[in-house]
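The primary structure of each chain is shown beneath.
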Amino acid sequence: MRALAILLLALLAFGCGRGDDRTEIFIQRFFGECGAVYGQSIDVAAAESECGILTTLINRFEAENPDIRVGINVVAWPGYPQLSAQIAAGDPPDLVTMHQSVISDYQGRGLLEPMDGLLREAGIGPETFTAAGRRGVTKSGRTYGMPWDTIGRLFHINTRLMAEAGLMRDGRPVLPRSPEELLDHARRFRQATGKPYLIQAHVNAPDTHVGILYTYLLAQAAVIFPDARHVRLNTPEARRIVELFRRIQAEGLTTRNQDFPAATAAFINGDGGIFPTGTWMIGPYDAEAATPGQPLYRSYAVLPFPHLWGRDAAFVDGHAWVMPRRERTPEQRRALARFLRFLASHNYDWTRTGHLPAFQAVLATPQFRSLPHRSDIAAMAATGAQLPDYVQRQSAIQGLIGEELEAAVTGIKPVERALVDAERRVNELLAQML
Amino acid sequence: MSAAKARGGLSTPALIGVFLGAAVMVAPLVWTLMLSFKSNAELMRDAGTAFSAPYTFENYRSILQGNMVFRWLINSAIVSVGTTIGVLALCSLAGYGFARLDFPFRRSLFVFVLLGLAIPEQAVILPQHQLFAQLGLHNSYPGLILPGLAGPFGVFFMTQYFRAIPRELDEAAMLDGASRFGTFWRVLLPLTLPAQATLGVFTFLASWNSYWWPLISATRSDMFTLTVGLASSQMNYAQTSGLGFLMAQAVFASIPILIVYVIFQKQIVRAMAGAAVR
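Residue positions are counted from 1 within each chain, in the order its sequence is given. Think of it this way: whatever chain is written first is A, whatever ligand is written first is 1, and the rest follow in order. pLDDT decides what is reported in this predicted model: residues at 70 or higher carry local features, side-chain atom pairs at 80 or more are listed and counted, and totals for whole chains, interfaces and linings draw on all residues regardless. As a convention, hydrogens and water are excluded, and side-chain values are obtained from all of the structure's heavy atoms.

**Regarding the overall build of chain A**
Reasoning step 1: Secondary structure elements follow DSSP: runs of H or I no shorter than four residues count as helices, runs of E no shorter than two count as strands, and numbering proceeds from the N terminus. Within chain A, the secondary structure is distributed over 21 helices and 14 strands.
Reasoning step 2: At 24 Å, chain A has a C-alpha radius of gyration in line with the 22 Å of a compact globule built from 434 residues.
Reasoning step 3: Once the C-alpha set of chain A is aligned to its principal axes, its extents read approximately 90 × 55 × 40 Å.
Reasoning step 4: Each residue is assigned to one of three classes by its accessible area relative to the maximum for its type, calculated with a 1.4 Å probe on protein chains only: buried under 20%, partly exposed between the two thresholds, exposed over 50%. Burial statistics for chain A: of 434 residues in total, 58% are counted as buried.
Reasoning step 5: Across chain A, contacts joining residues at least 24 apart in sequence account for 74% of those joining residues at least 6 apart.
Reasoning step 6: Working definition of accessibility: Shrake-Rupley area with a 1.4 Å probe, residue cover restricted to the visible protein chains. For chain A, the exposed area adds up to about 17400 Å²; of that, 52% sits on carbon and sulfur atoms. The globule rule used for comparison is 2.2 Å times the number of residues to the exponent 0.38, while the radius of gyration itself is calculated over C-alpha atoms. Residue contacts follow a heavy-atom distance rule, with two residues in contact if any of their heavy atoms lie within 4.5 Å.

**Overview of the sheet that holds strand β13 (residues 319-322) of chain A**
All names here are of chain A.
Reasoning step 1: Two strands pair if DSSP finds at least two bridges between them. Taken together, the 5 strands give an open sheet; going across it, the order is β2-β1-β3-β13-β6, and neighbouring strands pair in mixed fashion. For this open sheet the edge positions go to β2 (68-74) and β6 (146-147), each flanked by a neighbour on one side alone.
Reasoning step 2: Of the pairings in the sheet, the one linking strand β3 (residues 95-99) to β13 comprises 4 bridges and is antiparallel in character. By the bridge assignment, H99 is partnered in β13 with H319.

**Side note on the confidence of the model for chain A**
Interpreting fine coordinate detail is not advised for predicted regions of low pLDDT.
Reasoning step 1: Averaged over all residues, the pLDDT of chain A is 92; the fraction at 70 or higher stands at 96%.
Reasoning step 2: pLDDT is a per-residue confidence score from the predictor, ranging from 0 to 100. Counted against residues more than four places away or in other chains, residues 11-17 of chain A, with its pLDDT under 50, gives 0 contacts.

**Things to note about the interface of chain B and chain A**
Bring the parts together and some accessible area is lost; that lost area is often taken as the interface size.
Reasoning step 1: On the chain A side, the residues contacting the 28 residues of chain B number 34 residues.
Reasoning step 2: At the boundary of chain B with chain A, total buried surface from both sides reaches about 2600 Å², with 59% on carbon and sulfur atoms.
Reasoning step 3: Salt bridge criterion: a side-chain nitrogen from Lys or Arg within 4 Å of a carboxyl oxygen from Asp or Glu. Residue R220(B) pairs with D91(A) through a salt bridge whose shortest N-O separation is 3.7 Å.
Reasoning step 4: By the criterion applied in these results, polar contacts are pairs of N or O atoms within 3.5 Å in which, for protein atoms, one can donate a hydrogen and the other can accept it, and in which residues neighboring in sequence qualify only through two side-chain atoms. Summed over the shared surface of chain B and chain A, the number is 7 residue pairs in polar contact (both at pLDDT 80 or more). As a working definition, buried area equals the accessible area (1.4 Å probe) given up by two parts on being put together, with both sides summed.

**What to know about the packing of aromatic side chains**
Reasoning step 1: Only Phe, Tyr and Trp rings take part, Trp by its six-membered ring, and two of them pair if their centres are within 6.5 Å. Stacked means planes under 30 degrees apart, edge-to-face means over 60, and tilted covers everything else. Tallying each qualifying case throughout the model produces 36 aromatic pairs over all chains.
Reasoning step 2: When the centroid spacing of 6.0 Å and the interplanar angle of 40° are considered together, the rings of F260(A) and F275(A) count as tilted. With F260(A) in helix α12 (residues 260-268) and F275(A) in strand β10 (residues 274-278), this pair connects stretches of sequence that are 15 residues apart.
Reasoning step 3: According to the relative accessible area criterion, F275(A) is buried, its value standing at 2%.
Reasoning step 4: Pairwise contacts between aromatic rings join F30(A), F31(A), F61(A), W77(A), W148(A), W321(A), F339(A), F342(A) and W350(A) into one cluster.
Reasoning step 5: Any Lys NZ or Arg CZ that is within 6 Å of a ring centre and within 35 degrees of that ring's normal is treated as a charge sitting over the ring. If you follow R163(B) out to its NZ or CZ, it ends over the ring of F110(B), 5.2 Å from the centre.
Reasoning step 6: The positively charged end of R220(B) is found above the aromatic ring belonging to F26(A), 4.3 Å away from the centroid.

Encoded structure:
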């Protein structure tokens, strides 16, 4: 009995004496929770999906860096209400995933820490970022994040239907080079297949139209936001874009009355030729294209938006790792630098999700180029552009413009009226900003 | 017994109307349940396949394999039960006070409490959040429970119920030597049990389903409630590429509520009927 008591006391003393002296960094991310599948995995190459790859990467970092403890908080998409609440409460995480288009909202209020010094310590220079990545995290001349990827809209194409319409050459889809040619292709496609050329989400999907509008405004070198308080939408450049898509709708060359899930199903089921949607759908569509018996089987290609006006351009966004302002110990800063260096060295793994890399070196590797469709869309990492760094509330602005564009494209409002209304509503919003 | 009596006094057209109404109410629930047993990939192609085999438990397995799901379930239970107990205690006391006690500015204070019904939660969320931050209550059970205790509806509800109880009962108890609190505790409170049950069920349901405050107060995953936790496990575009999982989450989150409803069905129906008659 006495021996047992001594043993218990010894165990207690041993247990109490073992404090966790690891440096702790706290990371907050979206992309969902998948601990059931990947909670213990460190095999990054075997992981799939955004959640799986990121979870495995963080596990791997902890395994390779036993002196650092990584606390993880997975937040409901997109996590900004929680981040704002944490900042207001004075307890933000050390590192957060953030859309590059949102960085201005936080940076403009001095809530983010410039990361130039930390990235330098990690051995990561801004010159290593892709052009799109660098533009996405550079605000007022300083680097406010480490870019993680570039995301944007692409033409997802059903090549079987395109072939039926005679719109394939040397095994590659033929895309139009002008608005007139786009209408011509769409009419030929309709006649040959009996299906609409475009599949579009017109319901509850304001960002669809905004992505197209911004892309072709950038292509025409139009100034969309002349300053932080004004948008310029009632312009000839904007009118010719919206009128083109209004005409496509009026002639029945696109699907109608579909939300995003319905449009996705329509594309998978071969109900139309081209679905302009994001890089993030490459994975699911590629899986369909690899499944015998499915309408998309061996019939899928993806390309950047065609060059209809001016120069090659793409409106893009991206994910980044940012640091909210807070007190940190030198040890924590060093741990964060090591974590960022680790992530940067594994940026290729992330590109398996369908997103474009944020680092030039990855873009050039045969490994990346050999991933399905990536060589076709890699140019977007250079041509991709965001709105000017002084534009805040981009998400809310997209909502307002998208509503008006939906009304214009579907014929509820005349095009000019919709553009005037969009301009007025956005300017009112920007005028109210503190 | 006539056929109409056997149907609860309803004529055939009325019965058909009730049946159709019930079908309309139940249809989305059945739709949700069926979708939850389908694979995500199949639903991405066509959500209309919900009523045809094959079915799978994969979505439920994914939920149950989640690292934190039972922690979130316990958190929700603690917060909901804690809020319900607190609301019942406070609203009963306040209701008794407003219904039975005379004190200066009673009417004005009652009107002031009722004004709370007109103020939406979002209007006070910023000062409330800052207050809780200063008190260091975020990411804690008190932080999740306390805001739910300020319930003007509950105070109003209990006040009305106490007012409906004859004052003669108080007088008789006092004549028998009961104190003010003894009268409240031993005589009046037991008579309000139906109201307590109703208020308790409504409070529990509201607290269980609460999303906005837990979302911004509980920012660490070990303090998430079930609603916030399940939302955090969704990927972007879940409605497109993870529809089955999304529906399984909805079903899973509603199971405890369903159990509460089954247990307290009598009280809920009585409360609804009572409210309609009044």
